[in-house]
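# Residue-level structural notes
Here is what each chain is made of, one letter per residue.
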Amino acid sequence: MAELPAPELRFDDGCPDCGSRAAVLPLPLPRIDDDFDWKARDYDSFRLFMMQELASRFPERRRWTSADMEVVIVEVLAAALDRASHALDRVQAERFIDTARRPESVRRLLKLIGWEVDAGTQRSLEKEALARAMADGTSESEARANLPPMGALIEDYWRANPAQMEAARRNAPRRITEQNRMVTVQDHATVMESHPLVALAQARLQWTGSWHSIMIAALLFGDVGLDKSLHDAESDSAHPSALSPELWADIQDFHAARGLDLPPVNAGLTGRRILRGMIEQYRMIGSEVFLETARAASVSIVLSVRAKPGYFRSELRHALEQVFTADQGGFFEPGRLRFGEGLYASDIIEAAMQVEGVAVACLNLFKRVGSAFPDQTSEGVIPVEADEFIRCQNAPRNPAQGTIRITVNGGEVG
């Protein structure tokens, strides 16, 4: 910090009471013309500017060669400034999620907007790290105690898999706009359908006489009942016996990523108990939300096909049964047709004709289960109400859940 000059006491006109203090300040610095091109950022720009400066200061000199000491110094300085400029650009780029290159920068920037690695990836990274740590004979407990933080594991994973870092950089900002709270009626259905256990969901308002309650009709994967036990008491598996290990792993990841509790795996585990925790977490305070079983519109279908020459009838029937199954990926998989979406005969015929060996396909019966419903073969569509979904489980012991009978003619016997 500059020091001020000491003031001097002066008496003017010979009066001992008329003194004043005065300080002689230094002269201001001379103005320096700024003709530097502040847009110069690379080697060529820096070199050109310095060579122009040399030429303006020494106008009498007309010739500059690469062997001149002044030119060598200029080029060395231009190269150093180019490296410094590049370093500044790299440092500046690490401040923004679109331009950051270092995994640690990307992870920290994503964390600022609430991004966290999903539970499935966490388990996978921890498993890999444990396997590497135990490769030299270290026990699992010792290896687990010395595992690096999850942030370091993620950064190492991104260094080895840059595409995964780019995917996180691209997808994470979208999560800011995700609505997890159930505010509107449609929010209740949307949030419920985000759960891995739910295939379809529809919400509605119901007046109870004093206030409105929100009723959520939920169709679970596999058409499992809301209150049906998902685990056999005699089973010793770690996951619910009625669910596949993959589906249960997805459910665990979903709950872990959102901080939702999961009820214990026992005979009392039901779909309602699993979903109830999410409802309590996301519903609005003061709102009353109930889960109800989705209304099913079971259908009864008789499909006749004629096989092409050279195709065995039994093999063709088996192939068609695989197409029109209610299992995952099948035509009648629960949830493939949404609430209120009717079943069209043309879709049945088109799916049948896609099977190799089918020459002709037609419907002999196309209706809802029950004598109260007419055959819709001539109309070509089975309509359903807005809160109903098409069901065809084709379970021989329970025809009320929908059936499809396939007859094959022509082709080869066998």
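Our structure is the block above this text.
Now for a look at the structure at hand. (Residues numbered from 1 in each chain as written. Predicted model: local features only at pLDDT ≥ 70, side-chain atom pairs only at ≥ 80, totals over all residues. Heavy atoms only, no water.)

## Section: the overall build of the protein
When helices and strands are tallied, the protein shows 12 helices and 11 strands. The dimensions of the protein, computed from C-alpha atoms along their principal axes, are 125 × 70 × 60 Å. Going through the 414 residues of the protein one by one, you find that 33% of them count as buried. Partitioning the intrachain contacts of the protein with sequence separation of at least 6 by distance along the chain shows that 59% fall at a separation of at least 24. Accessible surface for the protein amounts to roughly 25900 Å². Of this, 53% is attributable to carbon and sulfur atoms. With 47 positive and 60 negative side-chain charges, the protein shows a separation of 3 Å between the mean positions of the two kinds. (Helix = DSSP H or I, 4+ residues; strand = E, 2+ residues; numbered from the N terminus. Buried < 20%, exposed > 50% of the residue type's maximum accessible area, 1.4 Å probe, protein only. Contact = heavy atoms within 4.5 Å. Areas by Shrake-Rupley, 256 points an atom, 1.4 Å probe, with all protein chains shown as cover. Lys, Arg positive; Asp, Glu negative; His and termini not counted. Charge placed at Lys NZ, Arg CZ, Asp CG, Glu CD.)

## Re the packing of aromatic side chains
Applying the stated rule across the entire model yields five aromatic pairs. Relative to Phe332, the ring of Phe324 lies with its centre 6.3 Å away and its plane at 40 degrees, an arrangement referred to as tilted. Assigned by exposure class, Phe324 and Phe332 land together as buried. Ring plane angle 85 degrees and centroid distance 6.2 Å describe the contact between Phe339 and Phe389, whose orientation is recorded as edge-to-face. Of this pair, Phe339 sits in the loop between helix H11 (313-323) and strand S7 (343-344) while Phe389 sits in strand S10 (residues 388-391), and the two are 50 residues apart along the sequence. Judged by its relative accessible area of 12%, Phe339 is buried. By relative accessible area, Phe389 is classed as buried at 1%. By the ring-pair criterion, three or more aromatic residues cluster together here, those being Phe324, Phe331 and Phe332. Seen from the ring of Trp64, Arg61 lies directly overhead, with NZ or CZ sitting 3.9 Å from the centre. A cation over a ring is seen here: Arg368 above Phe373, with NZ or CZ 4.4 Å from the ring centre. (Phe/Tyr/Trp six-rings, centres within 6.5 Å; stacked < 30°, edge-to-face > 60°. Lys NZ or Arg CZ within 6 Å of the ring centre and 35° of its normal.)

## Let's talk about the pattern of salt bridges
In total, this model carries 22 salt bridges according to the counting rule given. One salt bridge connects Asp253 with Arg123, and the closest N-O pair in it is separated by 2.4 Å. Note that Asp253 is positioned in helix H9 (residues 245-258) and Arg123 in helix H4 (residues 119-133), a separation of 130 residues in sequence. Overall, the relative accessible area of 40% leaves Arg123 in the partly exposed class. Close ionic contact of Asp223 with Arg391 constitutes a salt bridge, the shortest N to O distance being 2.7 Å. One end of the pair, Asp223, is in the loop between strand S4 (212-220) and H9; the other, Arg391, is in strand S10, and 168 residues separate them in sequence. One salt-bridge network, in which partners are shared between bridges, spans Arg102, Glu104, Asp156 and Arg159. (Salt bridge = Lys/Arg side-chain N within 4 Å of Asp/Glu carboxyl O.)

## A word on the packing of helix H6 (residues 150-160) against helix H7 (residues 162-171)
Relative to each other, H6 and H7 sit at 115 degrees, their axes nearing to 5 Å. Our classification of the angle between H6 and H7 gives roughly perpendicular. Across the interface between the two elements, Tyr157, Trp158, Arg159 and Ala160 of H6 pack against Pro162, Gln164, Met165 and Ala168 of H7. Taken together, the residues of the contact of H6 with H7 break down into six nonpolar, one polar and one charged. (Axes fitted to C-alpha atoms, helices over the stretch in contact; angles between N-to-C directions. Parallel < 35°, antiparallel > 145°, perpendicular 65-115°, else oblique. Nonpolar A, V, L, I, M, F, W, Y, C, P; charged D, E, K, R; others polar.)

## Topic: the nonpolar core
Counting residues in each nonpolar core, the largest one holds 30 residues, and the members touching the most others are Ile301, Leu303, Leu320, Phe324, Phe332, Leu343 and Ile348. Breaking this core down by element, the ones donating at least two residues are strand S6 (295-312), H11, helix H12 (345-353), strand S8 (358-368) and strand S11 (403-412). At six residues, S6 tops the list of elements feeding residues into this core. Beyond its immediate chain neighbours, meaning those up to four positions away, Ile301 contacts Phe332, Leu343, Ile348, Leu363, Leu365, Phe366, Thr403, Ile404 and Arg405. Core analysis: the next-biggest nonpolar cluster, separate from the first, contains 29 residues, Ala189, Val191, Met192 and Ile274 among them. (Core = buried A, V, L, I, M, F, W, Y, C linked by side-chain atoms within 4.5 Å.)

## A few points about the sheet that holds strand S5 (residues 289-293)
Strand order in this open sheet of three strands is S3-S4-S5, and the pairing throughout is mixed. Lying at the two open borders of the sheet, with one neighbouring strand each, are strand S3 (198-207) and S5. This sheet shows a mean twist of 30 degrees between the axes of neighbouring strands, independent of strand direction. Two elements, S4 and S5, share five bridges in a ladder whose sense is parallel. Each bridged residue has a counterpart across the sheet, and for Ala218 the counterpart in S5 is Thr293. Contacting S3, S4 and S5, helix H8 (residues 185-193) runs over the sheet at an angle of about 155 degrees to S3. Here helix H10 (residues 271-282) sits on the sheet and contacts S3, S4 and S5; the angle it forms with S5, its principal contact strand, is near 150 degrees. (Pairing = 2+ DSSP bridges.)

## Some remarks on the environment of Tyr344
Among the secondary structure elements, Tyr344 is positioned in strand S7. Taking the C-alpha atoms as reference points, Tyr344 and Val381, 37 residues apart in sequence, are found 4.3 Å from one another. When sequence neighbours within four positions are dropped, the list of residues in contact with Tyr344 reads Phe366, Gly380 and Val381.

## Focus on the environment of Phe389
Considering only alpha carbons, one finds Phe389 and Leu219, 170 residues apart in sequence, at a separation of 9.0 Å. When near neighbours in sequence (up to four residues on either side) are disregarded, Phe389 contacts Leu200, Leu219, Asp223, Ala294, Arg295, Ala296, Ala297, Leu337 and Phe339.

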